[in-house]
Amino acid sequence: MSKKTLLKLLLITSFLAFLITYVIGMSGYYEYELSNKRVLTEEKMKEFEADVANNKDIDLNDYIVNTHKDYTNKFTKTVTNASLTINKYLKKSIESVFRIISNLVEE
């Protein structure tokens, strides 16, 4: 791979990463997630302070909330596995096509 091609690829990748980050920032998604965490934390802090004031036994695991939701099911797992398999074969095919094109251009 030539230096120009590598530089173009690096610039395009950097631009796409910037664009995605910019869109996420402008959509307010990150701020929304931070706001939800802050509210949850404030609620648990008040609960903790009330338990300390009432001399209750305190276990820190009672104040930690797992917010991860698992939406996977049999269908999504099957589609994901099929997508990964197709991706693997497409990647090999595309790489071989570009290898052939590269050999033709270099000669």
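All figures in this text were calculated on a predicted structure; none of them were measured in a lab.

Q: Got a minute to help me understand the overall build of the protein chain in this structure?
A: Check the secondary structure of the protein chain and you find 3 helices and 0 strands. Counting from the amino terminus, helix and strand elements in the protein chain follow one another as α-α-α. Taking 107 residues into account, the globule formula puts the C-alpha radius of gyration at 13 Å, and the protein chain, at 25 Å, lies well above it. Each of the three principal axes of the protein chain carries a C-alpha extent, and together these read 80 × 35 × 25 Å. The 107 residues of the protein chain split such that 3% are buried. Within the structure as shown, the protein chain displays about 10300 Å² of accessible surface, and the carbon and sulfur contribution to it stands at 64%. On the protein chain, the mean spot of the 15 positive side-chain charges and the mean spot of the 14 negative ones are 14 Å from each other.

Q: How should unusual backbone geometry be read in this particular structure?
A: Peptide bonds are, in most cases, trans, and in most cases residues other than glycine have a negative phi. Non-glycine residue N55 carries a positive phi angle of around 55°. The topology assignment puts N55 in the loop between α2 (29-53) and α3 (74-106).

Q: Can you help me understand a nonpolar patch on the surface in this one?
A: Taken together, the side chains of I12, F15, L16, F18, L19, Y22, V23 and M26 present a nonpolar region at the surface, about 850 Å² in accessible area. Relative to the elements of secondary structure, V23 occurs in helix α1 (residues 3-27).

Q: Any chance you could explain the side chain of D51 here in plain terms?
A: Relative to the assigned elements, D51 resides in helix α2. Filtering out sequence-adjacent residues up to four positions away, D51 remains in contact with K56 and Y63.

Q: Sorry if this is basic, but what is going on with the pattern of salt bridges here?
A: It is possible for side chains of opposite charge to pair when their charged atoms get near one another. Using the criterion set out here, one finds 2 salt bridges in the structure. Where K56 meets D51, a salt bridge forms, and the shortest distance between an N and an O atom there is 3.8 Å.

Q: Help me out: how do you make sense of α1 in this one?
A: For an α-helix the count is 3.6 residues per turn, leaving residues at separations of three or four pointing the same way. Given a rise of 1.5 Å per residue, 25 residues ought to cover 36 Å, and the 36 Å separating the end C-alpha atoms of α1 matches this to within 8%. Among the residues trailing α1, G28 stands out with phi positive, at a value near 85°.

Q: Explain the confidence of the model for the protein chain to me, please; I cannot follow it from the model alone.
A: Atomic detail in the predicted coordinates should be set aside for any region of low pLDDT. Here the protein chain shows a mean pLDDT of 84. Residues at 70 or above account for 98%. When mean pLDDT is taken per element in the protein chain, α3 scores highest with 91 and α2 scores lowest with 79.

Q: Just checking my understanding: could you explain the packing of aromatic side chains for this structure?
A: Two aromatic rings are characterised by how far apart their centres lie and by the angle between their planes. Going through the model one piece at a time under the given rule, you end up with 1 aromatic pair. Plain terms: the ring middles of F18 and Y22 are 6.1 Å apart, the flat faces sit at 25° to each other, and that makes the pair stacked. With F18 and Y22 both in helix α1 and 4 residues apart, this pair spans about one turn of that helix. F18 sits in the exposed class, given a relative accessible area of 53%. Owing to a relative accessible area of 45%, Y22 belongs among the partly exposed residues under this scheme.

Rules of the game
Residues numbered from 1 in each chain as written. Predicted model: local features only at pLDDT ≥ 70, side-chain atom pairs only at ≥ 80, totals over all residues. Heavy atoms only, no water. Helix = DSSP H or I, 4+ residues; strand = E, 2+ residues; numbered from the N terminus. Rg over C-alpha atoms; globule rule 2.2 N^0.38 Å. Buried < 20%, exposed > 50% of the residue type's maximum accessible area, 1.4 Å probe, protein only. Areas by Shrake-Rupley, 256 points an atom, 1.4 Å probe, with all protein chains shown as cover. Lys, Arg positive; Asp, Glu negative; His and termini not counted. Charge placed at Lys NZ, Arg CZ, Asp CG, Glu CD. Patch = residues over 30% accessible without salt bridge, like charges linked within 9 Å, V, L, I, M, F, W, Y side chains within 5 Å. Salt bridge = Lys/Arg side-chain N within 4 Å of Asp/Glu carboxyl O. Contact = heavy atoms within 4.5 Å. Expected span 1.5 Å × (residues − 1). pLDDT = per-residue confidence, 0-100. Phe/Tyr/Trp six-rings, centres within 6.5 Å; stacked < 30°, edge-to-face > 60°.

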